[in-house]
Amino acid sequence: YKLIFERFLNPERVSMPDFDVDMDFDFRQDIIQHTRDLYGDPQVGHIVTFGTLKAKQVIADVGRVLDIPLNEVNMLKKCIPDNPKAKLKDAFSPPTEKFPDGGQLIPYTDYEKYPRYKRLFELAKKLENVNRNTGLHASGMVIGLTALPNWAPVFMDPKTKEVGVQYTMDIIEPCGLVKFDYLGLKTLSLIRYAETIINKHKKPEEPEFRCDTVSETDEKTFDLFCRGDSVAVFQFESPGMQKILRQAQPRCIEELVALNALYRPGPMDYIPNYIDGKWKPETIHYPDPCLEGILKETYGVMVYQEQVMQVSQKIAGFSLGGADMLRRAMGKKKPEVLMGKKVEFEEGAVKQGFTKEHADEIFEIMIPFAGYGFNKSHAAAYSVLAYRTGWLKANRPAEFMAANLTNEITSTDGLPAYIEEARKMGVPVDP
């Protein structure tokens, strides 16, 4: 899939990469224990998270301390929008903005209406967004060269008795600790369940079935994606994604990778350009003809962070390590760092035979894409997994839906949808 190792690690990168390791949900705890066994228990721990006093919570906590009756506290909480990012000022101050879509004034209640709650509001305003409680990060773990207390303060979670470091993620790395994300992925459990069911019912002479050996050019599977028949298919089951699958008609895994990377806030705006480029090649525009080899697979749209790296390599002669440093500078949007990189890019481009003005144009085109472009390695890994779940649904529907029902049995929220889908596919389901 033309992935670039230097996007992950290179000699010019001084910080450690992010290790996001997806694993079978059922074996996550085993792998965490394996890590402890491998490096030693005192050297492995969780990362702290801090719960903060959000608008509704701060009203509730301060109201309780001030002995304000619960029904009155609840009345005040109802004035606050349900949005988790809502602030007290959004609910209890005169409106200063309008919603961009409907032009309606932000709901609010004047402080003056509630003079008897003056003390509550004074304290709540001071305490809003202050850390309220500690917990353990859902997936974040750290590994130290020696015991963790040599590197950072630690604490023991009273509920789980697990040890965690008291620094948040952004402070951990400068302390000399390596951060890993141990992510339990139910799709990997689903594939294992399906393999188990298929192998249990295979004929003795048939080889054992493994999902990672299926053809990556299966016509039935791509027909399924093109129909948007992707309920229960990893990464592609939302109604919006189903619509885009029907428009884009993907016929290879590379196209699934691109759609997976594009279907996110920011890049989503370029999905029409990508689809137009596929069906109307005359609409494809390259910032420079020499970039066709890099951008051809995505019809002229910069979809991946790796493409930004390749463009800076082609135009400015950057090494892959230097190109990754430029991508990171663009993504972090620090003006002083970006301006230094821009000068470096222009100087390199002039040496490569481009004009300074043309280099400047290309640099400006790259900035937004670097800011929200997706990591191609991540998109490719997830899309291969999505293809395999699509293959199972297209070729072994009964086993696929049985595995889905098994996977959802611990959380009944998803069960009705999967039961309905199984019946539509003609798979008998016993209620």
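Residues numbered from 1 in each chain as written. Predicted model: local features only at pLDDT ≥ 70, side-chain atom pairs only at ≥ 80, totals over all residues. Heavy atoms only, no water.

Quick notes on helix α17 (residues 376-395)
Helix length check: α17 (20 residues) gives 28 Å between terminal C-alpha atoms against 28 Å at 1.5 Å per residue, within 8%. Burial of α17 is extensive: 15 of the 20 residues sit out of reach of the surface. Where α17 begins, the side chain of N375 points an oxygen toward the backbone nitrogen of S377, at a separation of 2.9 Å. (Helix = DSSP H or I, 4+ residues; strand = E, 2+ residues; numbered from the N terminus. Expected span 1.5 Å × (residues − 1). Buried < 20%, exposed > 50% of the residue type's maximum accessible area, 1.4 Å probe, protein only. Polar contact = N/O pair within 3.5 Å; in protein donor to acceptor, adjacent residues only side chain to side chain.)

Here we look at the packing of helix α8 (residues 219-227) against α17
Between α8 and α17, whose axes approach to 8 Å, the crossing angle comes to 100 degrees. Here α8 is positioned roughly perpendicular relative to α17, judged by the angle of their axes. Mapping the contact onto sequence places K220, T221, F222, L224 and F225 in α8 and A386, Y387, G390, W391, K393, A394 and N395 in α17. (Axes fitted to C-alpha atoms, helices over the stretch in contact; angles between N-to-C directions. Parallel < 35°, antiparallel > 145°, perpendicular 65-115°, else oblique. Contact = heavy atoms within 4.5 Å.)

Considering the pairing of strand β6 (residues 178-185)
Inspection of the sheet shows strand β1 (residues 19-24) paired to β6 by six bridges, in the parallel sense. Bridge assignment links D24 to a residue of β6, and that residue is L185. One ladder, built from four bridges, connects strand β3 (residues 131-143) with β6; its direction is antiparallel. Paired with I143 across the strands is V178, a residue of β6. (Pairing = 2+ DSSP bridges.)

Observations regarding empty space enclosed by the protein
Summed over the entire model, instances satisfying the criterion amount to one cavity of 30 Å³ or more. By volume, the largest cavity is sized at about 30 Å³. Along the walls of the largest cavity sit L262, P267, Y270, V301, M302, V303, F369, Y372 and G373, which together make up its complete lining. (1 Å grid on protein atoms, 1.4 Å probe; cavity = no way out; pocket = protein on both sides within 12 Å on 5 of 7 lines; lining within 4 Å. Points joined across faces, edges and corners; volume = space filled by probe spheres on them.)

Considerations on the sheet that holds strand β2 (residues 44-52)
Pairing is mixed in the open sheet, where six strands are placed in the order β1-β6-β3-β2-β5-β4. Where the open sheet ends on each side, the last strands, each with one partner, are β1 and β4 (154-156). On average, each strand axis in the sheet is tilted by 50 degrees relative to the strand beside it, whichever way the strands run. By the bridge criterion, two bridges tie β2 to strand β5 (residues 163-165) in an arrangement that is parallel. Residue pairing across strands places H46 opposite G164, the latter belonging to β5.

Quick look at the layout of surface pockets
Considered as a void within the structure, the largest pocket measures approximately 950 Å³ in volume. In terms of lining, the largest pocket is formed by 31 residues, of which the most central are R7, R13, D18, D20 and N375. Counting only elements with at least two residues in the lining of the largest pocket, the list comes to β1, α6 (169-172), α14 (320-332), α16 (356-372) and α17. Here the residues of the lining of the largest pocket are counted per class, giving twelve nonpolar, eight polar and eleven charged. (Nonpolar A, V, L, I, M, F, W, Y, C, P; charged D, E, K, R; others polar.)

Some thoughts on the environment of Q166
Within the secondary structure, Q166 sits in the loop between β5 and α6. A relative accessible area of 37% means that Q166 is categorised as partly exposed. Separated by 30 residues in the primary sequence, Q166 and L136 place their C-alpha atoms 9.6 Å from one another. Residues contacting Q166, with those up to four places away along its chain left out, are V48, F50, P153, V154 and F155. Here the side chain of Q166 touches V154 through a polar contact of 2.9 Å, landing on its backbone oxygen.

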